[in-house]
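Architecture and fold: a report
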Amino acid sequence: MPPPPLHFNAFIWPNGYHESGWRVVPDEARGVLGLPYYAGIARTAERGLLDSVFLADNIAIPEYRVEHLPQTQFDPILVLSALAGLTERIGLIGTGSTTYSAPWDLARRFATLDHLSAGRAGWNIVTTGSPLTAANFGLTEHPSHADRYARAHEFVDVVQRVWDGWEDDAVVGDKAGAWADRSKIHAPRFHGEHYDVEGILPFPRSPQGHPVLVQAGQSPAGIALAARYAELVFSGPPSLEAAVEFRRKLHAQAIAGGRSADQLKVLPALTFTLASTEAEAKDKSQRLEDLASPEFRWQNLLYVTGHDPDDFDPDVPFPQELLDGPAPTSGGERLYAAARERRIPLRELAQDLIGGASQIPFAGTPEQLADYILAWHDAGAIDGFTLMGTTLPYELETFVDHVVPILQARGRFRTGYEGATLRDHLGLNRPAGHQTGVASRA
Amino acid sequence: MPDRPVHLNTFISASGYHEAAWRVQDNDPKAVLAVDHSVHVARVAERGTFDSVFLADSPGVDEFRTQFLPQAAFDPIQVIAAVGAVTERVGLIATASTTYGAPWDLARRFASLDFLSGGRAGWNIVTTRIPGVSANYGHLHHPAHADRYARATEFVEVVQRVWDGWADDAVVADKAAGVWADRSKLRAPDHHGERFDVAGVLGFPRAPQGHPVLVQAGSSPAGIDLAARFAELVFIGQPSVDEAVAFRRRVHDRAAFYGRPADAVRILPALPFILGSTEAEAQGRRAALEATSSSEFRWINLAAMTEIGVDELDPDEPLPARLLDEGPRTSIAKTVYDIARRERSTTFRELGLRFAVRPGALDFTGTPEQLADLIETWWRAGAADGFTLMPMVLPRELEDFVDHVVPILRRRGVARTEYAGTTLRDHYGLARPARAPLRHAA
């Protein structure tokens with residue numbers, strides 16, 4: 001039996017995922033503010049026959065970041081909408097928050113993207129970790145982790161009902177009669193605990209039926225959400241054994257919920273630096289590290305774990321009173337554990353904790369990376385990777401020009417796109433749509 | 001003679017502004033669902049050196065409309081972003097609601113569009129008239145007119161403060177020092193008003209145009225007041241030169257009241273049109289459209305435009321006396337009520353058939369020469385700075401306009417022959433807003 005296909009998703013970030021990326025690339029530093037930068041990456045990914053490109057989202061910006069990192073956090077769905085017309089096949093995955101969006105509106109945005117791209121849209125479902133966000137959206141406080149996940153389940157339910165408002169064959173287009181058959185239109189009329197959503201979208205069902213659902217949470221609640229809805233998962237632990245176990249458990253949980261394991265693909269984040277020799281790659285990687293700012297590191301560690309860095313003093317240990325409560329995000333648990341164990345200044349603690357729990361760092365040659373990917377794939381740890389090049393577009397270009405051909409030569413990666421939609425690329429079924437007589441879940 | 005060329009903006013509708021347009025065209029009635037339609041219209045407009053193209057918004061739809069009209073009301077900001085990716089110069093105006101949007105999110109979307117398009121973004125500010133929309137957003141009631149406008153005023157103020165969060169020169173991009181932006185040049189909106197609380201800066205610098213161009217099209221006194229206060233383009237239709245001259249003066253006076261120069265506001269009345277190479281041919285084309293119109297659609301649509309419930313009248317009877325006694329409920333209903341009062345035997349269904357376009361607007365049927373005359377007359381008389389074209393059939397009417405009306409206007413020195421600048425502000429001759437001075441504590 002041939003091995004199952006590999007899948008790759010390219011993460012787009014200004015000048016690369018490493019915080020020092022923008023300082024080492026030869027490009028004009030403001031280039032990341034224009035569409036050509038994004039178009040270049042998407043076209044490179046498409047040239048490499050990757051499954052998708054992916055944009056994260058931050059809907060609150062702690063001001064410390066502007067000093068250290070290029071700031072280009074446009075509305076990701078708009079960037080992908082612009083890319084839709086400039087690309088042919090590559091999948092377009094954007095992040096959207098269930099805590100700070102209205103479900104009808106978000107359903108409309110992703111269904112619009114699916115239409116604009118002829119079936120290449122995916123939605124990365126996040127509940128938004130940063131408490132700073134509340135103040136941008138008029139809330140007095142950021143909802144708790146448990147609250148956010150309770151809402152997320154209902155949110156996704158509603159969105160799917162909105163996407164199913166029109167049956168696939170509702171449009172008749174009879175010039176002497178009706179444009180659409182109204183008996184094939186079913187308003188969601190959803191009245192749940194958190195949301196009330198009444199009406200249909202003002203356009204027919206999208207090409208994929210539902211844009212592909214993506215999830216990247218690490219907490220038990222995040223994993224439960226993924227097992228129930230996600231078709232693509234971007235999370236996974238950094239060691240091979242743990243990754244095998246993570247994927248196995250995720251599949252088991254999905255199967256227990258009545259889903260099929262092959263409809264849930266696991267593509268954990270892979271941070272990588274490539275060069276023609278291993279020594280060169282390690283040097284390149286070290287150079288990025290050497291340029292990194294300790295100031296940025298401690299502030300960023302706090303921010304990504306759900307804190308406002310402006311509230312902290314880096315020269316004293318992490319406040320004891322916070323450690324008495326729960327960590328605000330699953331990523332924060334690692335920080336809290338370390339801070340309980342070592343009462344050293346926050347700045348020093350941060351230096352030891354960087355890298356993040358979820359990223360797999362790699363520095364080496366294309367040949368080594370191909371071996372690495374296949375080892376993980378053969379072990380059943382992954383269906384592929386979410387590629388986080390330390391510098392962009394360079395790491396991605398090297399991946400496409402040098403890693404992809406090796407995988408193809410070994411018969412492990414596609415040599416052409418077989419289908420047109422993101423579901424086609426990933427081998428995911430198209431959801432059936434409205435079932436007459438099926439009662440609302442609410 | 002006006003010191004600026006006539007400004008041209010065209011409405012991109014699904015198959016044309018006339019409700020029967022899809023019935024009389026040869027193409028596939030489902031073709032409007034592909035983005036190619038909007039792209040084609042925009043490219044034709046660009047060939048005609050138009051200032052801008054414009055998309056309306058319907059965040060909700062009455063189900064009855066799906067039978068009568070192609071439904072392709074995708075998220076307009078996304079569609080216009082996709083159009084922007086494959087055009088070079090034409091301005092990109094999308095509609096968005098202040099009643100159902102969140103100001104930080106909306107500010108981000110339009111500023112994103114401005115970056116992605118290289119400074120071609122415009123926001124048509126609406127308060128959303130369709131009452132059914134509230135149920136899609138979980139609200140029990142559609143807010144009253146006065147409420148919506150009070151909210152709109154604060155909303156626009158917040159959005160402008162969000163757009164001014166970064167100074168134009170905040171980005172330093174010093175690779176050697178590792179400083180991307182100067183944090184001291186950020187000024188968080190920190191808005192805490194009656195209706196909105198919005199704290200933080202956007203995750204990217206100030207937009208190329210400073211502020212995307214603000215547009216308004218509401219014709220009620222509150223709408224006109226909002227226009228005078230904020231709008232740089234006004235799309236409100238007027239039926240005659242005299243009324244249009246008076247209206248334009250009124251807007252200028254009101255703008256002066258708010259401390260704005262008269263030339264800060266350009267008026268582009270809505271101009272629905274059908275063309276033919278002879279007047280008889282144009283009339284024939286119009287008759288063909290009217291012959292395939294649905295009287296059922298027309299009376300229900302007229303009821304919606306005049307804010308009369310379908311259960312408040314019998315379409316085969318005249319407008320009930322109690323409605324006449326109560327008086328028109330909207331500014332555009334006045335035209336309809338005036339006729340109903342004059343002609344007490346005309347049924348509401350017959351009234352519906354009179355209005356192929358919005359009551360009280362221009363409605364042109366004729367030759368390119370005649371249309372060029374109308375445009376030139378209005379422009380020379382100071383009745384309009386330009387027009388918002390509402391082609392009755394798309395793309396045909398617009399193609400005919402660009403191929404046959406634009407050359408006449410160019411020959412007469414009325415329309416531009418090439419683009420002088422690159423941004424939407426350049427095209428309309430609008431000043432780029434400086435960052436607002438610090439606001440004193442309220």
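Residues numbered from 1 in each chain as written. Chains lettered and ligands numbered in written order. Predicted model: local features only at pLDDT ≥ 70, side-chain atom pairs only at ≥ 80, totals over all residues. Heavy atoms only, no water.

Here's the deal with the overall build of chain B
Along the backbone of chain B there are 16 helices and 14 strands. Seen through its C-alpha atoms, chain B measures out along the principal axes to roughly 75 × 50 × 45 Å. Out of the 442 residues in chain B, the part that is buried amounts to 61%. Pairs at least 24 apart in sequence give 77% of the contacts found in chain B among residues at least 6 apart. (Helix = DSSP H or I, 4+ residues; strand = E, 2+ residues; numbered from the N terminus. Buried < 20%, exposed > 50% of the residue type's maximum accessible area, 1.4 Å probe, protein only. Contact = heavy atoms within 4.5 Å.)

Structural notes on the overall build of chain A
When helices and strands are counted, chain A shows 17 helices and 12 strands. Compactness check: chain A gives a C-alpha radius of gyration of 22 Å against a globular reference of 22 Å for 442 residues, within 12% of the reference. Oriented by its inertia axes, the alpha-carbon framework of chain A measures out at about 70 × 55 × 45 Å. Looking at chain A as a whole, 61% of its 442 residues qualify as buried. For chain A, the proportion of contacts with a sequence separation of at least 24, taken over those separated by at least 6, is 76%. About 16100 Å² of surface is accessible on chain A, with carbon and sulfur atoms providing 52% of the total. The distance from the centre of the 38 positive side-chain charges to the centre of the 55 negative ones in chain A is 5 Å. (Rg over C-alpha atoms; globule rule 2.2 N^0.38 Å. Areas by Shrake-Rupley, 256 points an atom, 1.4 Å probe, with all protein chains shown as cover. Lys, Arg positive; Asp, Glu negative; His and termini not counted. Charge placed at Lys NZ, Arg CZ, Asp CG, Glu CD.)

Re the packing of aromatic side chains
On inspection of all chains with the given rule, the structure shows 46 aromatic pairs over all chains. Taken together, a centroid distance of 5.7 Å and an interplanar angle of 15 degrees make the contact between F11 of chain A and W13 of chain A stacked. You can call F11 of chain A buried: its relative accessible area is 7%. Here the aromatic rings of W166 of chain B and W180 of chain B are separated by 6.4 Å at their centres, their planes lie at 80 degrees, and the arrangement is edge-to-face. Of the two residues, W166 of chain B sits in the loop between α6 (145-163) and β5 (171-174) while W180 of chain B sits in strand β6 (residues 179-181), which places them 14 residues apart along the sequence. Counting every residue linked through ring pairs, the aromatic cluster contains F11, W13, Y17, F54 and F234 of chain A. The ring of F257 of chain B carries the charged tip of R254 of chain B above its face, separated from the ring centre by 4.3 Å. (Phe/Tyr/Trp six-rings, centres within 6.5 Å; stacked < 30°, edge-to-face > 60°. Lys NZ or Arg CZ within 6 Å of the ring centre and 35° of its normal.)

A look at the pairing of strand β7 (residues 212-215) of chain A
Residues and elements named next belong to chain A. Side chains V212 and V214 project from β7 onto one buried face, and the interleaved L213 and Q215 project onto a second face that is buried too. Relative to β7, strand β4 (residues 121-126) runs parallel, the two sharing four bridges. Each residue of the ladder has a partner; that of I125, found in β7, is Q215. Considered for its hand, the β-α-β crossover made up of β7, helix α8 (residues 220-229) and strand β8 (residues 232-233) is right-handed. (Pairing = 2+ DSSP bridges. Right-handed = clockwise from strand over helix to strand, strands pointing away.)

Let's talk about the sheet that holds strand β12 (residues 270-275) of chain B
All names here are of chain B. Pairing in this open sheet of 10 strands is parallel, and the strands run β11-β10-β9-β4-β3-β2-β1-β14-β12-β13 from one edge to the other. Edge positions in the sheet fall to β11 (266-267) and β13 (364-366), since each of these pairs with one other strand and no more. Packed onto the sheet, helix α5 (residues 103-116) meets β3 (91-97) and β4 (121-126) and runs at close to 150 degrees relative to β4. Relative to β4, α6 is tilted by about 160 degrees, and along the sheet it contacts β3, β4 and β9 (213-216). (Axes fitted to C-alpha atoms, helices over the stretch in contact; angles between N-to-C directions.)

Digging into the interface of chain B and chain A
The interface of chain B with chain A comprises 71 residues on the first partner and 72 residues on the second. Interface of chain B and chain A: buried area, both sides summed, is about 6000 Å²; carbon and sulfur atoms make up 59% of it. On the chain B side of the contact with chain A, K175, W180 and R183 of chain B bury the most area, a combined 14% of that side's loss. Residues E63 of chain B and R189 of chain A are paired through a salt bridge, measuring 3.7 Å at the closest nitrogen-oxygen approach. On inspection of chain B and its partner chain A, the count reaches 36 residue pairs in polar contact (both at pLDDT 80 or more). If you list the elements that add at least two residues to the side of chain B that touches chain A, you get α1 (21-24), α3 (65-68), α4 (76-85), α5, β5, β6 and β8 (197-198) of chain B. The element best represented in the side of chain B that touches chain A is α5 of chain B, accounting for eight residues. Residue classes in the side of chain B that touches chain A are distributed as 44 nonpolar, 14 polar and 13 charged. (Buried area = accessible area lost by both parts, 1.4 Å probe. Salt bridge = Lys/Arg side-chain N within 4 Å of Asp/Glu carboxyl O. Polar contact = N/O pair within 3.5 Å; in protein donor to acceptor, adjacent residues only side chain to side chain. Nonpolar A, V, L, I, M, F, W, Y, C, P; charged D, E, K, R; others polar.)

Remarks on the packing of helix α5 (residues 103-116) of chain A against α4 of chain B
Following both chains from N to C, one finds α5 of chain A and α4 of chain B inclined at 30 degrees, their axes separated by 9 Å at the closest point. Considered as vectors, α5 of chain A and α4 of chain B are oriented roughly parallel to each other. Where α5 of chain A crosses over α4 of chain B, the handedness of that crossing is right-handed. Facing α5 of chain A, whose interface residues are R108, R109, T112, L113 and L116 of chain A, α4 of chain B presents P76, Q78, V79 and A82 of chain B. Here the contact of α5 of chain A with α4 of chain B is composed, by residue class, of five nonpolar, two polar and two charged. (Parallel < 35°, antiparallel > 145°, perpendicular 65-115°, else oblique. Left-handed = near helix turned anticlockwise from the far one by under 90°.)

Points about the packing of helix α7 (residues 221-230) of chain B against helix α8 (residues 241-257) of chain B
Residues and elements named next belong to chain B. Axis separation between α7 and α8 bottoms out at 8 Å; the angle between their running directions is 60 degrees. Classified by the angle their axes make, α7 and α8 are oblique. Along this stretch, α7 crosses α8, giving a crossing that reads as right-handed. Within the contact between the two elements, α7 uses I224, D225 and A228 and α8 uses F247, R250, V251, R254 and A255. Per-class residue counts for the contact of α7 with α8 are five nonpolar, no polar and three charged.

Some details on helix α15 (residues 366-378) of chain A
All names here are of chain A. Relative to the 18 Å expected for 13 residues at 1.5 Å per residue, α15 spans 18 Å between its end C-alpha atoms, a close match to the ideal helical length. Among all positions in α15, only P366, L369, A370, I373, L374, W376 and H377 are buried. One side of α15 holds all its buried residues, which, seen down the axis, span an arc of 160 degrees. Backbone geometry just after α15 places G380 at a positive phi near 80 degrees. (Expected span 1.5 Å × (residues − 1). Arc of directions from axis to C-beta.)

Some words on the environment of V90 of chain B
Residue and element names in this part refer to chain B. Among the structural elements, V90 can be located in the loop between α4 and β3. Here V90 falls in the buried class, since its relative accessible area comes to 0%. Distance from V90 to R47, taken between C-alpha atoms, is 9.1 Å for residues 43 residues apart in sequence. Those residues in contact with V90 that lie beyond four places of it in its chain are A42, A45, E46, F50, D51, S52, V53, R120 and Y419.

So, the environment of A375 of chain A
Of note, A375 of chain A is situated in helix α15. The sequence separation of A375 of chain A and I12 of chain A amounts to 363 residues, and the corresponding C-alpha distance is 25 Å.

Description of the nonpolar core
One recurring pattern in soluble globular proteins is that nonpolar side chains are buried together. The biggest cluster of nonpolar side chains holds 187 residues, and the ones touching the most others in it are F8, L50, W123 and F399 of chain A together with F50, W123 and F401 of chain B. Here F401 of chain B is in contact with L8, F50, F273, L275, L371, I375, L389, V406, P407 and L409 of chain B, once residues within four sequence places are set aside. (Core = buried A, V, L, I, M, F, W, Y, C linked by side-chain atoms within 4.5 Å.)

Focus on α7 of chain B
Within the span of α7 of chain B, buried status applies to G223, I224, L226, A227, A228 and F230 of chain B. Those residues of α7 of chain B that are buried are in contact with β4, α6, β9, β10 (233-234) and α8 of chain B.

Section: the side chain of T127 of chain B
Residue and element names in this part refer to chain B. Its place among the elements puts T127 in the loop between β4 and α6. Since its relative accessible area comes to 4%, T127 is described here as buried. At a separation of 3.2 Å, a polar atom in the side chain of T127 contacts the side chain of R148. The residues contacting T127, other than those within four sequence positions of it, are S97, T98, T99, R148, Y149 and A152.

Comments concerning the environment of E399 of chain B
Mapped onto the fold, E399 of chain B is located in helix α15 (residues 396-411). Apart from the residues within four sequence positions on either side, E399 of chain B is in contact with H40 and V44 of chain B.

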